[in-house]
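Per-entry structural report
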Amino acid sequence: MQKGFTLWFTGLSGAGKTTVSQMVAKMIREKYNRNVEILDGDVVRTNLSKGLGFSKEDRDTNILRIAFVASLLTRNGVATITAAISPYRNIRSRAREMIGNFVEIYVDCPLEVCEKRDVKGLYARARAGEIKAFTGIDDPYEPPENPEVSIKTHEESPEECAGKVINKLIEMGYLTDNN
Ligand code: ADP
């Protein structure tokens, strides 16, 4: 069985987690012929974590559920990708312990840029007070201190960011050309 791993993307809403993770998933499937599963934050919240809100407790529960599923996939050799804001450092380190083969990707993008992109119109609603406890506005985001990879989506293209992630996976021995 091929070695499973979890690529754990973390960053603000609109930072580029979904965009880069989908690109990375496509590359891993096509070039390395691996089974890939993405647990995207927005998708998880409509099924696995339906009904959970955005208090610290609910956010932690959401992340622990994602980590649990990721750990099952990882131990079965799947190239697993998670793309949820996952704002709290301590729960990300819990996820790291639960999963083992864990590669943390900090999707680093200044709040101003994310807010300007406002992909889903959520920042405008948060500023207007229609959404409470929005990460970066009136809820915390704790950046990783030692991520395996940092990508700056305001300075690098999505392709460059995805390439950096793939290179790290090769360097760590999770992807090999003859896979
Ligand atoms: P998130 O999943 O973190 O909420 P999304 O991937 O949904 O973020 O949105 C990121 C937005 O930023 C997209 O509209 C994407 O096209 C844009 N973008 C611009 N440059 C980049 C980059 N280098 N990497 C990723 N996304 C980028």
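Please refer to the structure higher up on the page.
Below: a short report on this structure. (Residues numbered from 1 in each chain as written. Predicted model: local features only at pLDDT ≥ 70, side-chain atom pairs only at ≥ 80, totals over all residues. Heavy atoms only, no water.)

For the coordinates displayed, the defined rule picks out 13 salt bridges. Note that Glu 30 is salt-bridged to Lys 26, the shortest N-O span being 3.4 Å. With a gap of four residues between them, Glu 30 and Lys 26 both fall in helix 1 (residues 17-32), about one helical turn apart. Of the charged contacts, one joins Arg 96 and Glu 148 as a salt bridge, the two residues approaching to 2.9 Å between their closest N and O atoms. In this pair, Arg 96 is assigned in helix 4 (residues 89-99) and Glu 148 in the loop between helix 6 (122-127) and strand 5 (149-152), connecting sequence segments 52 residues apart. In this structure, a network of salt bridges that share partners links the residues Arg 92, Arg 96, Glu 104 and Glu 148. (Salt bridge = Lys/Arg side-chain N within 4 Å of Asp/Glu carboxyl O. Helix = DSSP H or I, 4+ residues; strand = E, 2+ residues; numbered from the N terminus.)

On to the site of the ligand. Around the ligand lies a shell of 17 residues, among which Gly 14, Lys 17, Thr 18, Thr 19 and Glu 156 are the nearest. Contacts to the ligand include Glu 156, whose backbone N or O atom sits 2.6 Å from a nitrogen atom. Out of a free accessible area of 570 Å², the ligand has 78% covered by protein chains. Judged by its atoms lying within 2 Å of the grid points, the ligand is housed in the largest pocket. When contributions to the shell around the ligand are tallied by element, the ones reaching two or more residues are helix 1 and helix 7 (158-171). Counting residues per element, the shell around the ligand draws most heavily on helix 1, at four residues. (Near = heavy atom within 4 Å. Polar contact = N/O pair within 3.5 Å; in protein donor to acceptor, adjacent residues only side chain to side chain. Areas by Shrake-Rupley, 256 points an atom, 1.4 Å probe, with all protein chains shown as cover. 1 Å grid on protein atoms, 1.4 Å probe; cavity = no way out; pocket = protein on both sides within 12 Å on 5 of 7 lines; lining within 4 Å. Sits in = over half its atoms within 2 Å of the grid points.)

Pairs of aromatic rings are described using the distance from one ring centre to the other and the angle between the two planes. Under the criterion given, the structure shown has four aromatic pairs. Their ring planes at 15 degrees and their centres at 6.2 Å tell us that Tyr 106 and Tyr 141 sit as a pair that is stacked. Here Tyr 106 is found in strand 4 (residues 102-108), whereas its partner Tyr 141 is found in the loop between helix 6 and strand 5, with 35 residues between them in sequence. The class of Tyr 106 is buried, set by a relative accessible area of 14%. The class of Tyr 141 is buried, set by a relative accessible area of 16%. Here Arg 45 stacks its cationic end above the ring of Phe 54, 3.8 Å away from the centre of that ring. (Phe/Tyr/Trp six-rings, centres within 6.5 Å; stacked < 30°, edge-to-face > 60°. Buried < 20%, exposed > 50% of the residue type's maximum accessible area, 1.4 Å probe, protein only. Lys NZ or Arg CZ within 6 Å of the ring centre and 35° of its normal.)

Moving on, we come to unusual backbone geometry. With a phi close to 40 degrees, Ser 86 is a non-glycine residue in the positive phi region. For Ser 86, the position within the fold is in the loop between strand 3 (79-83) and helix 4. Judged by its relative accessible area of 1%, Ser 86 falls in the buried class. Phi angles above zero are rare outside glycine, and Ala 133 is one such case at about 55 degrees. By the secondary structure assignment, Ala 133 is in the loop between helix 6 and strand 5.

In this approach, a probe sized like a water molecule rolls over the atoms, and the result shows the empty space that is left. Tallied over the full model, the rule gives one cavity of 30 Å³ or more. In this structure, the largest cavity spans a volume of roughly 40 Å³. In this structure, the largest cavity is lined by Ser 13, Gly 14, Cys 114, Asp 118, Val 119, Lys 120, Leu 122 and Tyr 123. Residue composition of the lining of the largest cavity, grouped by class: four nonpolar, two polar and two charged. (Points joined across faces, edges and corners; volume = space filled by probe spheres on them. Nonpolar A, V, L, I, M, F, W, Y, C, P; charged D, E, K, R; others polar.)

When two helices pack together, their arrangement is given by the angle between the helix axes and by the axis-to-axis distance. At a closest axis distance of 9 Å, the pairing of helix 3 (residues 56-75) and helix 4 adopts a crossing angle of 20 degrees. With respect to their mutual orientation, helix 3 and helix 4 come out roughly parallel. You can see that helix 3 and helix 4 cross each other, and the crossing is right-handed. Contact with helix 3, carried on its side by Lys 56, Asp 60, Ile 63, Leu 64, Ala 67, Phe 68, Ala 70, Ser 71 and Thr 74, involves Asn 90, Ile 91, Arg 94, Ala 95, Met 98 and Ile 99 of helix 4 and no other residues of that element. Here the residues of the contact of helix 3 with helix 4 sort into nine nonpolar, three polar and three charged. (Axes fitted to C-alpha atoms, helices over the stretch in contact; angles between N-to-C directions. Parallel < 35°, antiparallel > 145°, perpendicular 65-115°, else oblique. Left-handed = near helix turned anticlockwise from the far one by under 90°. Contact = heavy atoms within 4.5 Å.)

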